[in-house]
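Structure assessment
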Amino acid sequence: MRKPFKSVFKKSIIISTLLASALLLGACENKQPVYNSNFLAFGTVMKITLVGIPREKAEKVSALLESDFEKMHEMWHAWQPSPVSRVNVLIANNEAFASPPSLLPLLTRSIQLSEKSDHLFNPAIGHLIDLWGFQNSKALQRKPPADDEIMRLLKANPRMSDIIVDGFHIRSNNSQVRLDFGAIGKGYGVELAIKRLQELDVKNAIVNAGGDIGSIGSRDGHPWRIAVRSPSGQGLVALIHASGKESIFTSGNYERNFVWEGETFHHIIDPRTGKPAKGTASVTVIHPDATTADAAATALFVAGPTKWHETAIKMGIKHVMMIDTDGTIHMNPAMAARTDLQGSKHEVKISKAL
Ligand code: ADP
Ligand code: MG
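Below you will find a few notes about this structure. (Residues numbered from 1 in each chain as written. Chains lettered and ligands numbered in written order. Predicted model: local features only at pLDDT ≥ 70, side-chain atom pairs only at ≥ 80, totals over all residues. Heavy atoms only, no water.)

Looking now at the overall build of the chain. The number of helices and strands found in the chain is nine helices and 20 strands. Dimensions of the chain along its principal axes, counting C-alpha atoms only, are 60 × 45 × 35 Å. Across the 354 residues that make up the chain, the buried fraction comes to 53%. Accessible surface computed for the chain: about 15300 Å², of which carbon and sulfur atoms make up 54%. Averaging the coordinates of the 41 positive side-chain charges in the chain and doing the same for the 34 negative ones gives two points 1 Å apart. (Helix = DSSP H or I, 4+ residues; strand = E, 2+ residues; numbered from the N terminus. Buried < 20%, exposed > 50% of the residue type's maximum accessible area, 1.4 Å probe, protein only. Areas by Shrake-Rupley, 256 points an atom, 1.4 Å probe, with all protein chains shown as cover. Lys, Arg positive; Asp, Glu negative; His and termini not counted. Charge placed at Lys NZ, Arg CZ, Asp CG, Glu CD.)

Let's shift gears to the sheet that holds strand E4 (residues 97-98). The three strands are arranged E4-E6-E5 in an open sheet whose pairing can be described as antiparallel. Bordering the open sheet on either side are E4 and strand E5 (163-166), each of which pairs with just one other strand. One ladder, built from four bridges, connects E5 with strand E6 (residues 169-172); its direction is antiparallel. The residue bridging valine 165 from the neighbouring strand is isoleucine 170, located in E6. (Pairing = 2+ DSSP bridges.)

The next subject is the packing of helix H7 (residues 185-199) against helix H8 (residues 290-315). Two numbers describe how H7 lies on H8: the axes approach to 7 Å, and their chain directions differ by 165 degrees. Here H7 is positioned roughly antiparallel relative to H8, judged by the angle of their axes. Crossing geometry of H7 relative to H8 is assigned as right-handed. Residue-level contacts link Gly185, Lys186, Gly187, Tyr188, Val190 and Glu191 of H7 to Ala290, Thr291 and Asp294 of H8. Grouping the constituent residues of the contact of H7 with H8 by class yields three nonpolar, three polar and three charged. (Axes fitted to C-alpha atoms, helices over the stretch in contact; angles between N-to-C directions. Parallel < 35°, antiparallel > 145°, perpendicular 65-115°, else oblique. Left-handed = near helix turned anticlockwise from the far one by under 90°. Contact = heavy atoms within 4.5 Å. Nonpolar A, V, L, I, M, F, W, Y, C, P; charged D, E, K, R; others polar.)

Spatially, three strands are ordered E9-E10-E19 in an open sheet, and the strand pairing comes out antiparallel. If you trace the sheet from one side to the other, it starts and ends with strand E9 (224-229) and strand E19 (339-341), each paired once. Direction aside, the axes of adjacent strands within the sheet are offset by 25 degrees on average. Note: E9 against strand E10 (residues 236-242), six bridges, orientation antiparallel. Bridging across to E10, valine 228 finds its partner in alanine 238.

Okay, the coordination of the magnesium ion (ligand 2) next. Coordination sphere of the magnesium ion (ligand 2), protein contribution only: Ala183 (O), Asp294 (O), Asp294 (OD) and Thr298 (OG1), at 2.1 to 2.5 Å. When its relative accessible area of 11% is taken as the criterion, threonine 298 is described as buried. (Donors = N, O, S within 2.8 Å, 3.2 Å for Na, K, Ca; no water.)

Everything listed here is a matter of coordinates, which is why it stays silent on function.
And the structure:
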């Protein structure tokens, strides 16, 4: 199972192999050299696939990405000492401050995407996430928090629009804002990694961050085939075709959760109720930009089966697959055209175009 974005690994490893990843590449024949490496970052196993690159260069590129990811993880950690945790202390103390340069682009992107999602993607709700016990890399809290504690945080109504950015200067109009980039940091990291690959003249590659994918180019002229796992945990639900610069991100209720009195409580919080969002099992989004894909997968998960379509339009998302908690798969026509469903146990509903 994927560990949360925030969990920490002291030591990472590189395992290199020339074998193609069966999950991503399917059965097509290798014409160009394929280099795969794995390392731990962002609390998950990162798998890098580079096609058509000599091995010596591929090893250097992979080591560079590993070091980039390590730095990003240190910069954006929500509760361990990091620029984010220091900024959270300044916000809580109502202080104006100069933003750490490493944080500013992620902060600005988060403010924009939060507003576009009508605040369903809301990285200002760190206090709520903490209250539910999801800001913790150890054992999860086993009991939901009391309603009055949730209500107290809901009344404070922390939002990204409370944060005022003026050049490097930041202040928050709301001391209850607490930043948690768990729903966007990995996407932003994958986007930077893809840009890094392009700078290094790598034309065909996959960055697989625990099932969330950034891709460029193709596999020997064939589209990449990206696996989407079934939220019930039984195998794959679909293979999605990707080519060119695209990212495919999934938010699922199976990633982190706990069971209390027979009910499962997962880690994607509806900022309107302060509780785990209801009605959705998983959402998969394709977008050219990984940061947008990550934030949108979370926002559409919260929007749920009745509101995902209008939220996708607001966020400019053109490809969505949502699996609701009854197991029905909802897709827009363009997504359906790019998807090979695996097995036939799901009812499928095709929406209007996006
Ligand atoms: P996954 O862990 O499946 O990739 P997400 O990208 O949706 O899922 O990220 C979930 C994480 O984002 C949570 O662990 C929490 O830290 C944070 N989070 C939870 N709910 C929200 C929300 N509504 N808006 C922004 N961040 C959220
Ligand atoms: Mg997300």
